[in-house]
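A structural walkthrough
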Amino acid sequence: MDDRIELLCGCYEQILFGYRVTPGEEQWTATADFTNHSHTASLSVVAVNNRFVATGSKDETIQIYDMKKKVEHGALLHHNGSITCLEFFGNTHLLSGAEDGLMCVWNTKKWECQQTFRAHKGHVLSLSIHPSGKLALSVGTDKSLRTWNLVEGRSAFIKNIKQIAHIVQWSPSGEKYVVVIHDKVDVYELETASVTGTIKNKTRISSIRFITDTLLAVAGDDDLIRIYDPNSQKFLCEFKAHETRVKSLYSLEYKGSPVIASSSSDGYAKLWKLDLNKVTTAPTLLCEVSTSARLTCLAVWHCGVNDDSKTEKSGPEVSSGKLSI
């Protein structure tokens, strides 16, 4: 149980697939574990912490699954629009954003909505929580990038941008963040809140994921995954990951090595192992599964590891102060 890994894939066909992953020396194996059909429309996002899986859908609901007990935990009903983004902070809070322009803070002990922000005049497209739990970023169709003070429960800063940004993400250290506009990634420094460099991808970007502070995986409207250094904006490598466009990326660390998960419109979800000593070399394929579905989102649940480290490292202050809005 302590080393249980679950590959989770959401799709247009309203289903969440769960695959039990067993690590091996060279190759990993993935076997079908469960399917869940709680949503009545396509899934748009899946998020995990050390115990729960949350899925958001165009049916305007968030479904919660208890992975340790392997049971449905219920639905969160607060948004009046498709759920576009979900992110856990440790084992205490979940943030959600939707097409209704709202961003909600949920307490994961009682699953109550603690705070609702009128985040954007249009849709909320993406959000990201700072590793400290004190700040969050969001972008929306109103062409704004917003910083939220989660300690005081208020808007801290609004930056107007000329185009619609559809992805925002903090680096693991929280010293920088990236904002994606179509096919480019703007890299911002936290201290100055200004752009320090831009990565230009060859196609429109569908998903990004920090692997480390100095490695950023980028997927777009083609079959490739590209790895960049966000500090220098240097292109490091690219590799053919799928037969059609890559829809979503996820990353985790397993026994000191980064693992990248990818899913595609071709119905496949794959796990890749990256060698940090050979970052200009394509990662090794660990395993793949064919869902025969049109995949839209994915995550990897690893018992006792995902996000929980944020809370454990920060101590009791996180649950008692930060995010206590």
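Structure: above.
So, here is what we can say about the structure in this document. (Residues numbered from 1 in each chain as written. Predicted model: local features only at pLDDT ≥ 70, side-chain atom pairs only at ≥ 80, totals over all residues. Heavy atoms only, no water.)

**Concerning the nonpolar core**
Counting residues in each nonpolar core, the largest one holds 35 residues, and the members touching the most others are Leu7, Leu8, Leu16, Trp28, Val53, Leu271 and Val300. Mapped by element, the contributors of at least two residues to this core are β1 (5-11), β2 (16-22), β4 (43-48), β24 (246-254), β25 (257-264), β26 (268-273), β27 (284-290) and β28 (295-302). Broken down by element, this core gets its largest block of residues, 6 residues, from β28. Dropping the residues within four chain positions of it, Leu8 is found in contact with Leu16, Phe17, Gly18, Phe34, Val46, Val48, Val53, Met67, Cys297, Leu298, Ala299 and Trp301. (Core = buried A, V, L, I, M, F, W, Y, C linked by side-chain atoms within 4.5 Å. Buried < 20%, exposed > 50% of the residue type's maximum accessible area, 1.4 Å probe, protein only. Helix = DSSP H or I, 4+ residues; strand = E, 2+ residues; numbered from the N terminus. Contact = heavy atoms within 4.5 Å.)

**Overview of the sheet that holds β25**
Here 4 strands make up an open sheet; going across it, the order is β24-β25-β26-β27 and the pairing antiparallel. Because the sheet does not close on itself, it has two edges, and the strands there are β24 and β27. On average, each strand axis in the sheet is tilted by 20° relative to the strand beside it, whichever way the strands run. Across 6 bridges, β26 lies against β27 in antiparallel orientation. Note that in β27 the partner of Trp272 across the bridge is Leu285. (Pairing = 2+ DSSP bridges. Axes fitted to C-alpha atoms, helices over the stretch in contact; angles between N-to-C directions.)

**Observations regarding the pattern of salt bridges**
Under the criterion given, the structure shown has 13 salt bridges. Glu238 is the partner of Arg226 in a salt bridge, and the nearest nitrogen-oxygen pair spans 3.1 Å. Here Glu238 lies in strand β23 (residues 234-240) and Arg226 lies in strand β22 (residues 224-229), a separation of 12 residues in the sequence. (Salt bridge = Lys/Arg side-chain N within 4 Å of Asp/Glu carboxyl O.)

**Description of the packing of aromatic side chains**
Under the criterion given, the structure shown has 8 aromatic pairs. Ring centres 4.8 Å apart and planes at 45° place the aromatic pair Phe117 and Trp148 in the tilted group. Highlighted residues: Phe117 in strand β11 (residues 112-118) and Trp148 in strand β14 (residues 144-149), separated in sequence by 31 residues. Summarising the aromatic geometry, the rings of Tyr177 and Tyr188 are spaced 4.9 Å apart at their centres and angled 10° between planes, so their arrangement reads as stacked. (Phe/Tyr/Trp six-rings, centres within 6.5 Å; stacked < 30°, edge-to-face > 60°.)

**Notes on the sheet that holds β4**
Spatially, β4-β5-β6-β7 is the arrangement adopted by the 4 strands of the open sheet, whose pairing is antiparallel. Each edge of the open sheet carries a strand with a single partner, namely β4 and β7 (71-76). For this sheet, the mean angle separating the axes of adjacent strands, direction not counted, is 20°. Both strand β6 (residues 62-66) and β7 contribute to a ladder of 5 bridges, which runs antiparallel. Across the sheet, Ile62 pairs through a bridge with Leu76, a residue of β7.

**Observations concerning the pairing of strand β5 (residues 52-57)**
Summarising burial for β5: 6 of the 6 residues are buried, a large majority. Covered by surrounding structure in β5 are Phe52, Ala54 and Gly56 together with Val53, Thr55 and Ser57, the residues of both alternating faces. Note: β4 against β5, 5 bridges, orientation antiparallel. Bridging across to β5, Val48 finds its partner in Val53. Hairpin remark: β4 followed by β5, antiparallel, with 3 residues in the connecting loop. Connecting β5 to the next strand, β6, in antiparallel fashion are 4 residues, including Glu60 with a positive phi near 75°.

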